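These are the residues of each chain, in order.
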Amino acid sequence: MEILKFLHSYLAYLVVITVALASINSLIGLITKKEFGAKDFRVALFGLIFTHTQVLIGIIFFVLANDFSETPMGEIMKSSALRLKNVEHPMLMLIAVILLTIGYSKHKNMRTSASKFKILTITYTLALVAILAMIPWHIWLG
Ligand code: HEM
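All of the points below concern the structure found in this document. None of these values were measured; they are calculated from a predicted model. (Residues numbered from 1 in each chain as written. Predicted model: local features only at pLDDT ≥ 70, side-chain atom pairs only at ≥ 80, totals over all residues. Heavy atoms only, no water.)

Grouped together as the largest cluster of nonpolar side chains are 25 residues, with contacts concentrated most on Val 19, Leu 100, Tyr 124, Ile 131 and Ile 135. Secondary-structure elements contributing two or more residues to this core are helix 1 (2–32), helix 2 (38–65), helix 4 (80–109) and helix 5 (113–134). For this core, the leading source of residues is helix 5, giving 8 residues. Every residue in contact with Leu 100, bar those within four places of it in the chain, is listed here: Val 19, Gly 47, Leu 48, Thr 51, Thr 123, Tyr 124 and Ala 127. (Core = buried A, V, L, I, M, F, W, Y, C linked by side-chain atoms within 4.5 Å. Buried < 20%, exposed > 50% of the residue type's maximum accessible area, 1.4 Å probe, protein only. Helix = DSSP H or I, 4+ residues; strand = E, 2+ residues; numbered from the N terminus. Contact = heavy atoms within 4.5 Å.)

Now the structure itself:
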């Protein structure tokens, strides 16, 4: 349990850094009308891989922590702290990884550099907003 908490806490840095880098890189590529290259592909892929791994660890952590066995759903929904931990954080993080997966797989089938940068900018930036909004900052850095 402690090891999962440790991994989930530290992998979060890599997730935030790589997804932010990939979002900014795609936006710069779009604005400067750059040719989409191997570096652009790699930064998007790293963001995707770290986030997928993080979500997987998060799900295992969540299942083992299992607040639902002790607290009724009504109580969880009434408390903003419990709701954040058990409902909002997992759901928004899942939506974030779905957005990244859609952007990444769609960009692979696109032909022009501009369309690749555009889909990655939209999906990765939305995912980044969801991730930043749902990080429990007071627990993470507190
Ligand atoms: C992009 C994906 C995710 C990121 C960046 C992320 C990030 C974080 C961070 C930074 C913390 C605080 C860790 C600490 O104690 O220092 C945390 C806690 C937690 N996360 Fe995630 N998480 C993600 C996905 C998920 C998912 C999908 C689940 C469950 C299905 C989940 C379940 C949890 C749980 C149960 C906690 C403990 C909260 C607490 O101790 O109050 N996470 N997460």
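Those protein atoms acting as donors to the iron atom of the ligand are His 8 (NE2) and His 89 (NE2), and they sit at 2.0 Å. Coordination at the iron atom of the ligand is octahedral: its 6 donor atoms span angles of 88 to 180° at the metal. Here His 8, found in helix 1, pairs with His 89, found in helix 4; they are 81 residues apart in sequence, far enough to count as distant. Taking relative accessible area as the criterion, His 8 reaches 17% and is therefore assigned buried. His 89 sits in the buried class, given a relative accessible area of 18%. (Donors = N, O, S within 2.8 Å, 3.2 Å for Na, K, Ca; no water. Tetrahedral: all angles 85-135°; square planar, octahedral: opposite > 155°, others 65-115°.)

Let us look at the packing of aromatic side chains. Here a ring pair, both rings aromatic, is described through the centre-centre distance and the interplanar angle of the planes. This model, assessed by the stated rule, comprises 7 aromatic pairs. Consider the rings of Phe 6 and Tyr 10, whose centres lie 4.8 Å apart with planes at 45°: the pair is tilted. In this pair, Phe 6 and Tyr 10 are both assigned in helix 1, 4 residues apart and thus about one turn of the helix distant. An aromatic cluster is present here, built from Phe 6, Tyr 10, Tyr 13, Trp 137 and Trp 140 joined pairwise through their rings. The positively charged end of Lys 116 is found above the aromatic ring belonging to Phe 36, 5.4 Å away from the centroid. (Phe/Tyr/Trp six-rings, centres within 6.5 Å; stacked < 30°, edge-to-face > 60°. Lys NZ or Arg CZ within 6 Å of the ring centre and 35° of its normal.)

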